[in-house]
Amino acid sequence: MAKNEEAVKQDSAAERRANIIEKIKEFRLLDDDFMSKVFEDNIPATELLIHIIIGKSDLKVQTVQTQYVVKSLQGRSIRMDIHAVDADGKQYNFEIQRADKGAGAKRARYNSGMMDANFLLSGQDTDDLPETYVIFITENDVLKRGLPIYHIDRIVAETGESFGDGAHILYVNAKYRGDSDVGRLMADFSCTNPREMNYEVLAKRVSYFKEDKEGLNIMCRAVEELCNESLIEGFVEACKGFGASIGDTVKRVVQKFELSESVAEEKVKKYW
């Protein structure tokens, strides 16, 4: 009987893995979790992205972090799909937005403000604020003018001159397919097959996570973790919805997901 149960578990695990692999085959760089893996610690790919979108081919990236959380003690924290800093200290926040609602003007304003608020330490002068870029790569043409990129900067209304505060917001239209670097880049972001991609630095990384045994194992684990996180988040929301306390919810999470109390407490606080 025990052997039969073990065989059932193995068959179930094999079927689950096969389903995950099929899902990974369909991933695009427009899927933010997959994109985060592709760009994780990947300076060459991030430089390519910035060179094409910002238009500065000599720019050098110093650090790259994916799924970078900027916390707020007063309000809503933000999670950046990619956060990069270049050699001049300029900061870049990339977000993939497949839903138009997630790329609204006030969302962009909030993200820009959060970048500023979390940069300065107590006692630092505001003149020390770096130049910042909040960049939304949107699956649809959110601003609906058919352009590849939209640049939003503050200007003096009466003169049309730049205000020069160093804060920039850009929308990149992933629907754009013109014969240009941006058009080719957005085609790559929408592509599922690395052999059909235009830029080698992206194609190699996508191929690694989709076709290489080691990379595929990493991606499978990442997908399973994401699925588990989604289940925990939904469970915490449900507990919160029917009035459970944080302490009671932690106990429920420990029992349902077989986590230690410390890990369960961390998860509950994350999604509360």
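Everything below is about the structure printed above this text.
Residues numbered from 1 in each chain as written. Predicted model: local features only at pLDDT ≥ 70, side-chain atom pairs only at ≥ 80, totals over all residues. Heavy atoms only, no water.

Peer 1: Teacher, can you tell me more about the sheet that holds strand β3 (residues 91-97) here?
Peer 2: The strands making up a sheet associate through backbone hydrogen bonding, with each pair oriented either parallel or antiparallel. Strand order across the open sheet formed by 6 strands is β1-β2-β3-β4-β6-β5, with mixed pairing between neighbours. With one partner strand each, in any of the chains shown, β1 (61-70) and β5 (149-152) form the two edges of the open sheet. Between one strand and the next, the sheet's axes are offset by a mean angle of 20 degrees, whatever the strand orientation. Its contacts with the sheet place helix α3 (residues 43-54) against β1, β2 (78-86), β3, β4 (132-138), β5 and β6 (167-173), and it is angled at close to 90 degrees to β1. (Pairing = 2+ DSSP bridges. Helix = DSSP H or I, 4+ residues; strand = E, 2+ residues; numbered from the N terminus. Axes fitted to C-alpha atoms, helices over the stretch in contact; angles between N-to-C directions. Contact = heavy atoms within 4.5 Å.)

Peer 1: Just checking my understanding: could you explain the layout of surface pockets for this structure?
Peer 2: Think of a ball as big as a water molecule: rolled over the atoms, this probe shows where empty space is left. Of the volumes computed, that of the largest pocket is approximately 1300 Å³. Forming the walls of the largest pocket are 36 residues, and the residues nearest its centre are D33, Q67, R79, L226 and K270. Residue assignment for the lining of the largest pocket shows that the elements contributing at least two residues are α2 (32-39), β1, β2, β3, α7 (213-241) and α9 (261-271). The element contributing the most residues to the lining of the largest pocket is α7, with 9 residues. When its volume is computed, the second largest pocket comes out at roughly 250 Å³. As for the second largest pocket, its lining consists of 15 residues, of which S112, D116, R154, D165 and A167 are closest to the centre. Mapped by element, the contributors of at least two residues to the lining of the second largest pocket are α4 (105-117) and β6. (1 Å grid on protein atoms, 1.4 Å probe; cavity = no way out; pocket = protein on both sides within 12 Å on 5 of 7 lines; lining within 4 Å. Points joined across faces, edges and corners; volume = space filled by probe spheres on them.)

Peer 1: So what exactly am I meant to see when it comes to the packing of α7 against helix α8 (residues 246-257) here?
Peer 2: Helix-helix packing is described using two parameters, namely the angle between the two axes and the distance between the axes. The N-to-C vectors of α7 and α8 enclose an angle of 140 degrees; their axes lie 10 Å apart at closest approach. Considering how the two elements wind past one another, α7 and α8 form a crossing that is right-handed. Taken together, the residues of α8 that come into contact with α7 (itself represented by L231, I232, F235, V236 and C239) are T249, R252, V253, K256 and F257. Of the residues that constitute the contact of α7 with α8, the class distribution is 7 nonpolar, 1 polar and 2 charged. (Left-handed = near helix turned anticlockwise from the far one by under 90°. Nonpolar A, V, L, I, M, F, W, Y, C, P; charged D, E, K, R; others polar.)

Peer 1: Which parts of the structure should I look at to understand the packing of aromatic side chains?
Peer 2: Scanning the entire structure with this criterion turns up 6 aromatic pairs. Taking the centre distance of 6.3 Å and the plane angle of 35 degrees together, the rings of F39 and F189 count as tilted. Of this pair, F39 sits in helix α2 while F189 sits in helix α5 (residues 181-189); the two residues are 150 residues apart in sequence, bridging distant segments of the chain. With respect to burial, F39 and F189 carry one shared label: buried. Seen in terms of ring centroids, Y92 and Y133 are 5.0 Å apart; in terms of plane orientation they differ by 10 degrees. Their pairing is stacked. Within this pair, whereas Y92 is found in strand β3, its partner Y133 is found in strand β4, the two being separated by 41 residues in sequence. There is no split in this pair, since Y92 and Y133 are both buried. (Phe/Tyr/Trp six-rings, centres within 6.5 Å; stacked < 30°, edge-to-face > 60°. Buried < 20%, exposed > 50% of the residue type's maximum accessible area, 1.4 Å probe, protein only.)

Peer 1: Explain the side chain of N173 here, please?
Peer 2: Assignment of secondary structure puts N173 in strand β6. A relative accessible area of 4% means that N173 is categorised as buried. If near-sequence neighbours (up to four positions away) are discounted, N173 is found in contact with T138, N140, D141, G146, L147, P148 and M186.

Peer 1: Is there a simple way to explain the nonpolar core in this structure?
Peer 2: In a soluble, globular protein the nonpolar side chains are often hidden away together inside. Core analysis: the biggest nonpolar cluster contains 47 residues, and L29, F39, I53, I137 and F189 have the highest contact counts within it. Per element, the largest residue contribution to this core is 7 residues, and it comes from α3. If we skip the residues at most four places from it in the chain, F189 touches R28, L29, L30, M35, F39, L49, I96 and I137. In terms of nonpolar packing, the next biggest core, distinct from the first, is built from 13 residues, I78, M114, V134 and F136 among them. (Core = buried A, V, L, I, M, F, W, Y, C linked by side-chain atoms within 4.5 Å.)

Peer 1: Before we go on, may I ask you to explain α9 in this structure?
Peer 2: Structurally, the α-helix is built with 3.6 residues per turn, so residues lying three or four positions apart point the same way. Every buried residue of α9 is accounted for by A264, K267, V268 and Y271. Along the axis of α9, the buried residues cluster in a sector spanning 100 degrees; they form a single face. Seen from the open side of α9, the exposed residues pointing more than 90 degrees away from its buried face are S262, E266 and K269. The inward-facing, buried residues of α9 contact α7 and α8. (Arc of directions from axis to C-beta.)

Read these as layout, nothing more, since geometry by itself doesn't imply function.
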